[in-house]
Amino acid sequence: MRGVRTSKAGSAIPSNLEYENLVELNYQLYNGLFLTLPLDAIEQTGMLLPLLESRAQKGLERGEDPAEILQDFFSTQRPHFSESDKIQFLFRVIQYVERQVVLVDALEDAAYPLVHKTESNNVLRLLCERVKADGLEERFTKTLENFGSKVILTAHPTQFYPGQVLAIITDLVEAIRTQDIAQSRDLLQQLGNTPFFNQEKPTPFDEATNLSWYLSNIFYDAIGSIMDSLGEHLGDSGSANNHLLSVGFWPGGDRDGNPFVSVEVTLRVAEKLRSLIMTCYHRDVRELKRRLSFRGVYARLEKLENKLYKEINKPGKTSLSLRSLNEQLSLIEDEVAESYQGLYLESLLSFKNKVNAFGFHFANLDIRQDSRVIHRTFDTVRRLYPDLLPVDFDALSDADQIAAMLALCPPEQPLAFDSELIQDPLELDTIESLRAIASIQAINGEKGCHRYIISNCRGAIDIARVVALARFAGWQTDELTVDIVPLFETIDDLAGAGDSMTALYGFDDYRAHLARRSQKQTVMLGFSDGTKDGGYLMANWAIYCAKEDLTRVSRSVGVEVAFFDGRGGPPARGGGSTYEFYAALGKQIESNQIQLTVQGQTVSSYYGNAEAATHNLRQLLAAGLENNLYDRPERELNAEQRALMQELSVISYESYKAFKAHPLFIPYLEEMSTLKYYGLTNIGSRPTKRGGGEGLKFEDLRAIPFVGAWAQLKQNVPGYYGLGTALRKLEEEGRLDECKALYRQSKFFKALVDNSMQSMSKSNFELTAYMGKHPRFGEFWKQVHAEFELSIEMALKISGTTVLLEENPTSRLSIALRQKLVLPLLIIQQYALMRVQEAEAVGSADAFSDQYEKMIMRSLFGNVNASRNSA
């Protein structure tokens, strides 16, 4: 049921009464309960926090800076506090707000089915019903046979909840749903006594262990239930496709910029994934035994149970194979159907669907490395074994070098590689990781690890180097069961992606490789680095155009291209409404596969509970299937619309480029934001920038801390900068109606603008208004603020709305609640930054500088978790 709220202008704004009643009102109730808990750290904090929140809001409205707000607060409420007392209190506020954020997370998760109306908005069921009504069952069946949707869990450091907190959230959600106040109170007390941060940086294996919780606790049952629902609609037609819904996994395999990922870690993670899926299968077989207790059937299940138990502790060391497991299940199926009237057969078929989906690998472990490291490794191996390639290799043209590498025959004897021959650990790991793929496939099956992703790929020659390294590592010409995936990220590389793949397709040896890979080529496109390089509008348009180019050149040679989108949480990194984005792609973009990365808080917010995961996976699946089944004019761009998109993107790009070239761009981030503190928080194993060296280079800066630093400032620049300038330019030319028409008629442009509104909704320039008076950065801050205000003005004009996210009340209400909740924490963060900057300005740290730096780092946690998709 929807209600309305009134804007300042008096117009009605859609609301969501379920959110207001189940989240906002319940938050007041449970937060009141939280205040009564006997926790030393929050006794005074609970009483003073509302006063601090009110004082902060009023102070910002009056133009006061964070230092003035806190100084007045302390002088009014606690005038006797010493500096140490104040610091201790501010740390307690941070701890309290962190737990308030968890409470909101739990309340939103508990209300998820009602707030998001998951049943009435079950787009997959609605699509199946529409297919039946339109008589398209046969076409739908064929589409299902070829379609695939994959969510790839990455290890990027944006998840601030440790495993024990995630477990508390899960239990708290259940207690809230059952209205068990006593249990909720105990869980809130447990939450108050549970640490929220790691004492030490997690290892890559720790990251894999933490993320694997979602595999066994969420994805296993969610994907299984969706497969079952498709079976209900289509009989057994959906079960033959074991990539219809799947999960990819980067922790332990992604070594790009992370020197702590080694071959040993990769193999351990693969072993853990196999052990985990065996644990899930073992649990399900035990449940099946409770119902299939029939003579002959029970004994077969008991044998399977015993074999699976052995596999849990000794992955790959028993006689159990995926083929033998499927054979046993088929025998049991036949016996139940023929001898026991098919009783409980649906439970067995449901289990078979899971085995079909997850195999013995559970998730596809990807290997990723930067093209520059691959290049160095290739050169090193060539020096060690110069006879493997033509003597005049260096003098050859790029095309001839590519041909020579692709035609390379594996050496008759395995080449020796060790730390004495290859002294650079990264280079040794690069060659050995290709051998590790073969080892993983031998145990977990080919799907266990079959992709090698090349970051910062500059063209066909980078792909050829990986092929050559695979030959050096011992892969035979006709046995390379590895898909080599170029990752195009910069605006220039995206523009040249079609030409790069055209060149690659021109080599017979690579075409022969693709023929052995079912004529399919996966290409990854980097939204995060694309936006960092070219700004929001140009990055998204460049990726759209690159997809069209890649589709055209691939189809022309009989290759099916699959797009793998490197998306982060916020719109600045390709996030936002996933369904709207994929539902907006036209027929000139291949859409037989949808693949995208999810990470950090996006994992917990989109896939943190069964209902959310099922809902979001169904939406992803439905968007791709609908694109393949139906033609919709709003998905296609005509010539005039393309020209307009190109014009807007170029104007936006030039604006962003000029902004990025500003001499204060990097200094502003380094000195006025939390950028340098990302690497000091123990939340991930990955460094904040590629490469070594003391100085910060823009090209080495990772997208996550880049976007995250702007998010902590509540300025969210990468999510809108240039959009307002581009739209204003056309308005000045009297062409704003063209932009309004584009918004109404193009789902793609509408999705871009709506997602950008989300970034702007999460901004709060009042927080940093004091920077406008800064002697060095004042004018720079004003420039950012002007573009923000302009982008809001223009977005509202072309959308015909009066407030941001007017058409998405659930997101709008959630953001507003979280923004209010986190305000005291943000005030504290800015105050701590000001104190540290003051100490740095005089060239010496005072007695409390270390404490204020720790305060900055601690404040990152709650702010990121409150935003849910800030990096």
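None of these values were measured; they are calculated from a predicted model. The written sequence of each chain sets the order in which its residues are numbered from 1. For this predicted model, a pLDDT threshold of at least 70 governs which residues receive local features, and a threshold of 80 or more governs which side-chain atom pairs are given and counted, while totals over whole chains, interfaces and linings are taken from all residues. Excluding hydrogens and water, the side-chain values take into account all heavy atoms of the structure.

Caption draft 1: Seen up close, the overall build of the protein. A count of helices and strands for the protein gives 34 helices and 10 strands. The C-alpha radius of gyration computed for the protein amounts to 28 Å, which stays within 12% of the reference 29 Å derived for 871 residues, consistent with globular compactness. Along the three orthogonal principal directions, the C-alpha set of the protein runs to about 75 × 75 × 60 Å. Throughout, exposure labels follow a simple rule: accessible area from a 1.4 Å probe, protein chains only, divided by the maximum for the residue type, with under 20% read as buried, over 50% as exposed, and the rest as partly exposed. Out of the 871 residues in the protein, the part that is buried amounts to 61%. Residue contacts are counted whenever heavy atoms from the two residues lie within 4.5 Å of one another. Taking all contacts inside the protein whose residues are at least 6 apart in sequence as the whole, residues at least 24 apart take part in 81%. Accessible area of the protein: about 33,400 Å², with a carbon and sulfur share of 50%. We count a stretch as a helix when DSSP gives it H or I for four or more residues in a row; a strand needs E for two or more, and each element gets its number in order from the N terminus. The atom set for the radius of gyration is the C-alpha atoms, and the globule formula is 2.2 Å times the number of residues raised to the power 0.38. Every accessible area reported is derived by Shrake-Rupley at a probe size of 1.4 Å, with residue values counting cover from the shown protein chains alone.

Caption draft 2: Region of interest: the packing of helix α22 (residues 536-556) against helix α31 (residues 747-761). Where helices are involved, their axes are fitted lines through C-alpha atoms of the stretch in contact, as for all axes, and angles between N-to-C directions lie from 0 to 180°. Two elements in contact, α22 and α31, have axes whose closest approach is 11 Å; the angle formed by their N-to-C orientations is 145 degrees. Where α22 crosses over α31, the handedness of that crossing is right-handed. From α22, Y536, L537, N540, W541 and Y544 reach across to α31, where they touch F748, A751, L752, N755 and S756. Crossings are classed by handedness, with left-handed meaning an anticlockwise turn of the near helix from the far one by less than a right angle and right-handed meaning a clockwise turn.

Caption draft 3: Seen up close, the pattern of salt bridges. When a carboxyl oxygen of Asp or Glu is within 4 Å of a side-chain nitrogen of Lys or Arg, the pair counts as a salt bridge. Inspection of every chain in the model, using the stated rule, returns 60 salt bridges. With a shortest N-O distance of 3.0 Å, R286 and E305 are connected by a salt bridge. Taken together, the positions of R286 in helix α10 (residues 263-291) and E305 in helix α11 (residues 297-313) put the pair 19 residues apart, joining distant regions of the chain. Judged by relative accessible area, which is 48%, R286 ranks as partly exposed.

Caption draft 4: Spatial organisation of the nonpolar core. With 274 residues, the main nonpolar core has L153, F249, Y281, F472, L648 and W710 as its most contacted residues. The element best represented in this core is helix α4 (residues 83-115), accounting for 17 residues. Residues within four places of F249 in sequence aside, it is in contact with I152, L153, A208, L211, S212, L215, V269, L273, A363, N364, L365 and D366. Residue types Ala, Val, Leu, Ile, Met, Phe, Trp, Tyr and Cys, when buried and joined through side-chain atoms within 4.5 Å, form a set referred to as a nonpolar core. Counting 7 residues, the second-largest nonpolar core is a separate cluster that includes W250, I453, V485 and L487.

Caption draft 5: Structural view of the pairing of strand β6 (residues 451-455). Most of β6 is tucked away, with 5 of its 5 residues classed as buried. Of the two faces of β6, the one holding R451, I453 and S455 and the one holding Y452 and I454 are both buried throughout. In this description, strands pair whenever DSSP reports at least two bridges between them. Across 5 bridges, the pairing between strand β5 (residues 364-370) and β6 is parallel. Directly across from D366, in β6, lies its bridge partner R451. Relative to strand β7 (residues 483-488), β6 is paired through 4 bridges, and the arrangement is parallel. Opposite I453, over in β7, you have V485 as the bridge partner. Handedness rule for crossovers: strands pointing away from the viewer, path from the first strand over the helix to the second running clockwise, crossover right-handed. Regarding topology, helix α17 (residues 460-472) serves as the crossover connection from β6 to the parallel β7, and that connection is right-handed.

Caption draft 6: Main features of the environment of Y544. Here Y544 lies in helix α22. Y544 sits 109 residues away from Y653 along the chain, and the two C-alpha atoms are 15 Å apart. Not counting residues within four places of it along the chain, the set of residues in contact with Y544 comprises L585, G586, I589, R635, L637, R642 and F748.

Caption draft 7: Here's a closer look at helix α16 (residues 425-444). In this model, α16 (20 residues) spans 26 Å end to end at C-alpha, consistent with the 28 Å of a helix rising 1.5 Å per residue. Here the bend at a residue is taken as the angle between two axes, fitted respectively to the seven residues that end there and the seven that start there. At S433, α16 shows its strongest bend, of approximately 30 degrees. You can read the cap of α16 off the contacts: a side-chain oxygen lies 2.9 Å from the backbone nitrogen of L426, and it is on D424. Phi for G445, located one or two positions after α16, is positive at around 95 degrees. Take the residue count of a helix, subtract one, and multiply by 1.5 Å to get its expected span. N or O atoms within 3.5 Å of each other form a polar contact, as long as, within protein, one can give a hydrogen and the other can take it, and as long as residues adjacent in sequence are counted only when both atoms are side-chain atoms.

Caption draft 8: Local environment of the sheet that holds strand β3 (residues 148-153). Strand order in the closed barrel made by the 8 strands is β3-β4-β5-β6-β7-β8-β9-β10, with parallel pairing throughout. For this sheet, the mean inter-axis angle between neighbouring strands, taken without regard to orientation, is 25 degrees. Together, β8 (520-526) and β9 (560-566) form the strand contacts of helix α21 (residues 527-534), whose direction differs from that of β8 by roughly 45 degrees.

Caption draft 9: Representation of helix α30 (residues 736-745) within the structure. The complete set of buried residues in α30 reads L736, C739, A741, L742 and Y743. Structurally, α30 contributes buried residues whose contacts are with α26 (639-660), α29 (723-732), α31 and α32 (778-799).

Caption draft 10: Summary view of the side chain of R451. Within the secondary structure, R451 sits in strand β6. A relative accessible area of 2% means that R451 is categorised as buried. In terms of polar contacts, R451 uses its side chain to reach the side chain of Q595, at 2.5 Å. Not counting the four nearest positions on each side in its chain, R451 is found in contact with K150, I152, D366, I367, V482, D483, V485, T522, F564 and Q595.

Caption draft 11: Representation of the packing of helix α3 (residues 66-77) against helix α33 (residues 809-841). At a minimum axis separation of 8 Å, α3 and α33 run at an interaxial angle of 110 degrees. With respect to α33, the axis of α3 lies roughly perpendicular. Contact with α3, carried on its side by P66, A67, I69 and L70, involves I827, I828, Q830, Y831 and M834 of α33 and no other residues of that element. Note on residue categories: nonpolar means Ala, Val, Leu, Ile, Met, Phe, Trp, Tyr, Cys or Pro, charged means Asp, Glu, Lys or Arg, and polar means any other residue, Gly included. Residues belonging to the contact of α3 with α33 are distributed by class as follows: 8 nonpolar, 1 polar and no charged. Angles below 35 degrees are treated as roughly parallel, those above 145 as roughly antiparallel, those between 65 and 115 as roughly perpendicular, and all remaining angles as oblique.

Caption draft 12: Quick peek at a positive patch on the surface. On the surface, K303, K307, K310, K314 and K317 cluster together into a patch of positive charge. Here K310 lies in helix α11. Under the relative-accessibility criterion, K310 is labelled exposed at 55%. Patch membership requires over 30% relative accessible area and the absence of a salt bridge. Like charges are linked within 9 Å, and nonpolar side chains (Val, Leu, Ile, Met, Phe, Trp, Tyr) within 5 Å. Working convention for charge: Lys and Arg count positive, Asp and Glu count negative, and His plus the chain ends are omitted. By convention, the point assigned to a charge is CZ for Arg, NZ for Lys, CD for Glu and CG for Asp.

Caption draft 13: Structural detail: the confidence of the model for the protein. Across the chain, each position has a pLDDT score giving the predictor's confidence in that residue, from 0 to 100. Residue-level pLDDT values for the protein average 89, and 91% of them are 70 or greater. Low pLDDT, under 50, characterises residues 1-10; the stretch is placed with 28 contacts to residues that sit more than four places away or in other chains.

Caption draft 14: Region of the structure containing unusual backbone geometry. A positive phi angle is found at Y344, which is not glycine, with a value near 60 degrees. Look at Y344 and you get partly exposed, because its relative accessible area is 32%. Positive phi, close to 60 degrees, is recorded for L805, a residue that is not glycine. Relative to the helices and strands, L805 resides in the loop between α32 and α33. L805 sits in the buried class, given a relative accessible area of 7%.

Caption draft 15: Structural view of the environment of K762. Along the polypeptide, K762 turns up in the loop between α31 and α32. For K762, a relative accessible area of 12% translates into the label buried. Put simply, K762 and R818 are 56 residues apart on the chain and 9.2 Å apart in space, counted from C-alpha to C-alpha.

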